[in-house]
Every structure is written in C-alpha cells, then in structure tokens.
Amino acid sequence: MTLQYGRHSINSDDISSVLDVLKSDFLTQGPKVPYFESALSEYVSSKYTVAVNSATSALHIAYLALGLSENDLIITSPNTFVATSNAALMCGAAVEFVDINPNTLNMCPIALENKLKLLKSQNKAPKIVVPVHFSGQSCEMKRIHELSIEYSFRIVEDASHAIGGSYCNSKIGSCRYSDATVFSFHPVKIITTGEGGAVTTNSLSLYKKMQLFRSHGVTRDASLHKDTDISAWEYRQISLGYNYRQSDIHAALGISQLQRLDDFILLRNKLASNYSEIFSSSSFIPIRVIEDCISSWHLYVIQLPHEYWSFKSQIFERMKKKGINLNVHYQPVHTQPHYRFTNNTSLLNSENYYASALTLPLHCGITRSDQEYVASQLVDSIKQSCK
Ligand SMILES: *Cc1c(COP(=O)(O)O)cnc(C)c1O
C-alpha cells in the first residue's frame, strides 16, 4: 500500500447523494447547486456563495467582479499554487509577490507594508491583495485589513486549503476582513466535489457580478439588463462571461461532504498533533500555529534543518521506494519560468523554505501507526542519504 500526502474520503452517504442526482431530472442547473451554495453560506456565515467548477474559476470571477483588468496589479504570496496568480494574469493584470513569514509560511504583513510603501513612492498601488491561507491556517487578516484601508486595495482570500478553519472565532469564508473568499474542492483538499470551487462574499453587487461571469455574462434579471419588455424565453448577455458552472452531480457530493467537514477537521487536527508529538524531540521544524487560528490542516509540512537541504531529492526518492509519496508545497511562483518577467527580486524566506520543505501524508485515511511508520522511515532515509 502506498501512503499519499493527501487523499479524498468517500463514504456510502456521499455515494447515494450522487446516485440520487443521476436518477433525477437535472444533472446540471437543477436544485443541488443552489442548495450547496446556501449550505456553504450557512456554514461559514457569509451572505452569499457562488459555486463553480474549480477554485481557479472562483479566483478568476472574484478578480473580474472586483474590476481587475489591464494596468492593474495584484499582490500575493509566492508560497501558493500557480492558480492564485494565474487567474490575475487571465484578467490581463500584473502580479507581484510579497515574502512569507518563515514561521507561519503565510504572507508576512510587515513585508506587505514595506511593499505598499515602496509602490506608493513610485505612484503605484495594488488593486487586490490575495492572502493565501497556507496549509489551512489563516493569514493575519486583521493587519492586512487595516492596510487595505490605509492603502485602499481590495482583499480576496485564497482559502483553497482552509475550509473548516477559523480565525478570531469566525469561520474562514465569513469575509469579516475581506471582499471575497475562495475555496477548492479538488480531491486532495479538505472536502471534495471531484473538481469544484466556490466564492463567498457579503456584497450583493459582487455576488451578482460573479453569477454573470460564471455563465456567459447572460441574465434574465430585469434589474440587471434594464429591458422592461422582454419575452419569457429571452435573456440578455450584458458582459463577457465563461462557462464556469458547477453541475448538480458535483454539488450533490459537496452537500454530503460538507456534512462531514467538522469530523474531518477534528481528525486532521488530531493527526497533526500526533506528528508534533512524534517529532517533538527531532530537529524538524513544524509550522507555527498562531493565536486566534484553528487550522484545517490541509497539509502537514516540516522543514529540514539546513545541513540536510542538499539531500532533499535523495530523501524524497528513498521515501518513494518505501511506498511513502511525499510532496513539496510550493515551488515559489516567482521562480517559475512563466513568471520570469514579473518584477521580482529574490524572496529569501520563501526560497529557503522551499529548499527545506517536505509535505508528509495527512488525510482522513491514515492512522497513528502510519504516521509512526512515516516518521521512522523519514529518519532512516535521512541517515541513508546523508552518509
Ligand atoms: C488547489 C489550489 C488552487 C486551485 O484549485 P482548483 O480547484 O484545482 O482550481 C488554488 N489555490 C491554492 C492555494 C490551491 O491549493
């Protein structure tokens, strides 16, 4: 048996929820998507949710709804999946990165403030800042929100890792300190719809715009197209949108997975604390969990001490031979070939972190004894590699 770094958990309720849709009148654009949207809003305490076919689409429509276009700039973390910044490139905008805090691995608010000051001195400012809640732990949203008032930018939270987590006693997705929050339901994430994503917001106007961008810019809502004498079959295309819709089949899986979310979070927290305990006397550096945060523990990442960095590939390969598929999150986005033209100097914390990081298996299908096996094999692989 191979141990994967992440894996979905599907039970008989999930299966019958999907089967019911397959036997129903609607495979898409039926009742399941709006039901999933209200259930998500209720869970995170947001006013609105727009469900889509991926988090990448969710980021794209959130940026579009906030008016991101050519000549605009977004700022995000280099320690993320490329989708966070790609969605801004899809709007024609420029992207710059701000370094991470080496303890939390999230965007550093001090580095952000320095970047904002520098941009201001050049008469520039970002339109949107996108904090990424790496591994399921919230960024320091209160501080980022204060900066958004001082420097007048908008905030989209990339919470692809973080559904079920909390910050200052609010569920991530409540948008208390942001304009919108994006979730991913890819199978490695906390809950899954196969492929899928969603955006939450408390703004009615953003909500309406995102609904338009999700489906071709087409609407039957007279308050939007302002045509009074429109026939029953007619619709109006009032902007250029996409087909980013989620199907009812996917939403049905999301509805039943959402009911299991709190159990997943409890179990993931338990597994994370097992690792911390197992590694407590080792030289590996875990993520620091900050006050006011409950992490959803999408990823369990350790940093190797400096003397092992150059052996990381060998350690990784050795683990793979033993049937333990580690991963590395993330190659800093500013070092990707496609991003070579972005205006970026070195971002040392994220580059050093990348040199040191390994993601260990953590998902609802593993046991404490799997974790002990991973730990002992890791120690062994390091010994073998660094001889
Ligand atoms: C997974 C992920 C995405 C993209 O999610 P999809 O649903 O696969 O489009 C975006 N941002 C982050 C941080 C992610 O981990």
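This text gives an overview of the structure that appears in the document. Since this is a predicted model, take the numbers as computed values, not measurements. Throughout this description, residue numbers start from 1 for each chain and increase along the sequence as written. Side-chain atom pairs in this predicted model are given and counted only at pLDDT of 80 or more, local residue features only at pLDDT of at least 70, and totals for whole chains, interfaces and linings cover all residues. With hydrogens and water stripped out, all remaining heavy atoms of the structure feed into the side-chain values.

1. Structural notes on the pattern of salt bridges
Filter applied, for reference: One side-chain nitrogen of Lys or Arg within 4 Å of one carboxyl oxygen of Asp or Glu is enough to make a salt bridge. Three exposure classes are used, based on accessible area relative to the maximum for each residue type with a 1.4 Å probe and protein chains only: buried under 20%, partly exposed in between, and exposed over 50%.
One pass over the full model with this rule turns up 14 salt bridges. Among the ionic pairs, Glu 234 bridges to Arg 236, the shortest N-O distance being 3.5 Å. For Glu 234, a relative accessible area of 24% corresponds to the partly exposed category. Look at Arg 236 and you get partly exposed, because its relative accessible area is 24%.

2. Points about the packing of aromatic side chains
Which entries qualify depends on this criterion: In summary, the pairing rule links any two rings of Phe, Tyr or Trp, Trp by its six-membered ring, whose centres are within 6.5 Å, and it sorts them by plane angle into stacked for under 30 degrees, edge-to-face for over 60 and tilted for everything else. Strands are runs of DSSP state E lasting at least 2 residues, helices are runs of H or I lasting at least 4, and numbering of each runs from the N terminus.
Counted according to the given criterion, the structure contains 11 aromatic pairs. Between Phe 97 and Tyr 339, the aromatic rings sit 5.9 Å apart at their centres with planes inclined by 70 degrees, giving edge-to-face as the arrangement. Placement of the pair is Phe 97 in strand β4 (residues 94–97) and Tyr 339 in the loop between β16 (324–325) and α11 (348–356), with a sequence separation of 242 residues. Across the pair, Tyr 339 and Phe 97 agree in class, each one buried. Taking the centre distance of 6.1 Å and the plane angle of 80 degrees together, the rings of Phe 134 and Tyr 353 count as edge-to-face.

3. Some remarks on the side chain of His 363
The test is simple: By the criterion applied in these results, polar contacts are pairs of N or O atoms within 3.5 Å in which, for protein atoms, one can donate a hydrogen and the other can accept it, and in which residues neighboring in sequence qualify only through two side-chain atoms. For this analysis, residues touch if any pair of their heavy atoms sits within 4.5 Å.
Position of His 363 among the secondary structure elements: in the loop between β17 (357–360) and α12 (368–385). Among the polar contacts made by the side chain of His 363, one reaches the main-chain carbonyl oxygen of Gln 4 at a distance of 3.4 Å. Look past the residues within four positions of His 363 in its chain and what remains in contact with it is Gln 4, Tyr 5, Gly 6, Arg 7, Arg 268 and Leu 271.

4. Remarks on the pairing of strand β3 (residues 73–76)
Cut-off, in case you're wondering: A strand pair is defined by DSSP finding two or more bridges across the two strands. A clockwise course of the path from the first strand over the helix to the second, judged with the strands pointing away from the viewer, identifies a crossover as right-handed.
The side-chain alternation of β3 yields two buried faces, one formed by Leu 73 and Ile 75 and the other by Ile 74 and Thr 76. In terms of strand pairing, β3 meets β4 through 4 bridges, oriented parallel. Among the inter-strand pairings, Thr 76 is bridged to a residue of β4, identified as Phe 97. Taken together, β3, helix α4 (residues 83–90) and β4 form a β-α-β motif whose crossover is right-handed. In this structure, β3 lies alongside strand β5 (residues 128–130), joined through 3 bridges in parallel fashion. Each residue of the ladder has a partner; that of Thr 76, found in β5, is Val 130.

5. Examining the sheet that holds strand β2 (residues 48–52)
Within a sheet, each strand pairs with its neighbour through backbone hydrogen bonds, oriented either parallel or antiparallel. Which entries qualify depends on this criterion: Fitting a line to C-alpha atoms yields each axis, with helices limited to the stretch in contact; the angle taken between N-to-C directions then spans 0 to 180 degrees.
The 7 strands are arranged β2-β10-β9-β6-β5-β3-β4 in an open sheet whose pairing can be described as mixed. Here the strands that pair on one side only, and so sit at the sheet edges, are β2 and β4. Shown here is a sheet whose adjacent strand axes are inclined to one another by a mean of 20 degrees, direction ignored. Sheet analysis places β5 next to strand β6 (residues 154–158), joined by 2 bridges and oriented parallel. Counted as the bridge partner of Val 129 is Ile 155 from β6. Packed on one face of the sheet, helix α2 (residues 32–44) meets β2, β9 (180–184) and β10 (197–201) and runs near 130 degrees to β2.

6. Observations concerning the sheet that holds strand β8 (residues 170–171)
Strand order in this open sheet of 3 strands is β8-β7-β14, and the pairing throughout is antiparallel. Edge strands, defined here as strands with exactly one partner in the open sheet, are β8 and β14 (293–294). Here strand β7 (residues 166–167) runs beside β8; their pairing, made up of 2 bridges, is antiparallel. Residue pairing across strands places Ser 166 opposite Lys 171, the latter belonging to β8.

7. What to know about the site of the ligand
The test is simple: One heavy atom within 4 Å of a molecule or strand makes the whole residue count as near it. We call Asp, Glu, Lys and Arg charged. Ala, Val, Leu, Ile, Met, Phe, Trp, Tyr, Cys and Pro are nonpolar, and the rest, Gly among them, are polar.
Close contacts around the ligand come from 15 residues, with Thr 56, Asp 158, His 161, Ser 184 and Lys 189 the closest. Contact distances for the ligand include 3.3 Å between a nitrogen atom and a side-chain N or O atom of Ser 160. Looking at the shell around the ligand, the elements that each hand over two or more residues are α3 (55–65) and α4. Its residues assigned to classes, the shell around the ligand comprises 5 nonpolar, 8 polar and 2 charged.

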